[in-house]
Amino acid sequence: KSSNDCVTPPEVLKASTELGVTMIGVPEELGGAVEQRSAVASDLISEALAKGDLGMAVAVLAPAAVSTAIGLWGDADQQATYLPEFVGEDVPAAALAVMEPKPMFDPFALQTKATKSADGGYTLDGVKSLVPRAAEAELFVIAAELDGEPRMFIVESKYDGISVTPEPAMGIRPAATATLSFEGTKLPKGALLGEAADYTEMIRLSRIAWGAVTAGCGKAVQDYLIPY
């Protein structure tokens, strides 16, 4: 069902919430599970979740990528505003969006642009591809170039100028991936997340995380093939 409908079953998402997957990026003082974040622990969880279905693992872990980013690099106001939502019983769909529809995509040469507005906020223009659960997501962390540097922005789905187009992808169809387009999307002053150096760290951690889920899926393949 999930591969044909390009969705992860709701009971799987509910179970992941009960397990506290999104809490691994939230500090203890805000109700989360993090006293000192461990990339190794997070990636062992990712590898275990992906053992059998890479797409479902991506769907389950997408909100955790957002809670982790805000937990690591958000200021006090950003953390207080968004992180409590990730420790309750009704965790919102959310996604980190970096990739763009371009051959040989380079995350340090972004086509999505953010420009400063006169009111101190930002205007966002560009396209992101293969964004998991984008159609249902309430919150995104978007990678965009600002003043010649790649940066991260917190974007709520309710903002004007955002459109979503389904983009099913081989191997991760249950992740319900989609293209996310921004056209003159206005962001508030507090949307900028972290510093320029934090973006580089985010890319490094993301690459490790993708390695973890592919290793988990590969282990499932190995376990199936050896007895066969």
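Everything numeric in this text was worked out from a predicted model, so none of it was measured.

Notes on the pattern of salt bridges
Within this structure, the stated rule accounts for seven salt bridges. The closest approach of N and O atoms between Asp147 and Lys116, which form a salt bridge, is 3.6 Å. One end of the pair, Asp147, is in the loop between strand 4 (139-146) and strand 5 (149-156); the other, Lys116, is in strand 2 (residues 113-116), with 31 residues separating them in the sequence. By the burial criterion, Asp147 is exposed, and Lys116 matches it. The shortest N-O distance in the salt bridge between Lys219 and Asp223 comes to 2.9 Å. Of this pair, Lys219 and Asp223 both sit in helix 6 (residues 196-225), four residues apart, roughly one helical turn. Taking the relative accessible area as the measure of exposure, Asp223 reaches 32% and is therefore partly exposed. Several salt bridges share partner residues, and in doing so they unite Lys51, Lys219 and Asp223 into one network.

Focus: helix 6
For helix 6, built from 30 residues, the straight-helix expectation of 44 Å at 1.5 Å per residue is met to within 8% by its first-to-last C-alpha distance of 44 Å. For helix 6, the set of buried residues is Asp198, Tyr199, Met202, Ile203, Leu205, Ala212, Val213, Gly216 and Ala220.

A look at a nonpolar patch on the surface
On the surface, a cluster of nonpolar side chains totalling about 530 Å² of accessible area is made up of Val221, Tyr224, Leu225 and Tyr228. The residue Val221 is located in helix 6 in this model.

Remarks on the packing of helix 3 (residues 39-49) against helix 6
Interhelical geometry of helix 3 versus helix 6 gives an angle of 35° and a closest axis separation of 7 Å. The way helix 3 lies across helix 6 gives a crossing that is right-handed. Across the interface between the two elements, Ala39, Asp43, Ser46 and Glu47 of helix 3 pack against Leu205, Ile208, Ala209, Ala212, Val213, Ala215 and Gly216 of helix 6.

A closer look at helix 3
Those residues of helix 3 lying buried are Ser42, Asp43 and Ser46. One side of helix 3 carries all its buried residues, which in axial view fall inside an arc of 95°. Set apart from the buried face of helix 3 by more than 90 degrees, the exposed residues are Val40, Leu44 and Ala48.

Section: unusual backbone geometry
Non-glycine residue Asp147 carries a positive phi angle of around 55°. On the basis of relative accessible area, Asp147 is assigned to the exposed category, the value being 61%. Positive phi values are uncommon outside glycine, yet Ala176 reaches one of about 50°. Inspection of the secondary structure puts Ala176 in the loop between strand 6 (162-166) and strand 7 (178-187).

Rules of the game
- Residues numbered from 1 in each chain as written.
- Predicted model: local features only at pLDDT ≥ 70, side-chain atom pairs only at ≥ 80, totals over all residues.
- Heavy atoms only, no water.
- Salt bridge = Lys/Arg side-chain N within 4 Å of Asp/Glu carboxyl O.
- Helix = DSSP H or I, 4+ residues; strand = E, 2+ residues; numbered from the N terminus.
- Buried < 20%, exposed > 50% of the residue type's maximum accessible area, 1.4 Å probe, protein only.
- Expected span 1.5 Å × (residues − 1).
- Patch = residues over 30% accessible without salt bridge, like charges linked within 9 Å, V, L, I, M, F, W, Y side chains within 5 Å.
- Areas by Shrake-Rupley, 256 points an atom, 1.4 Å probe, with all protein chains shown as cover.
- Axes fitted to C-alpha atoms, helices over the stretch in contact; angles between N-to-C directions.
- Left-handed = near helix turned anticlockwise from the far one by under 90°.
- Contact = heavy atoms within 4.5 Å.
- Arc of directions from axis to C-beta.

On their own, these measurements won't tell you what the molecule is for.
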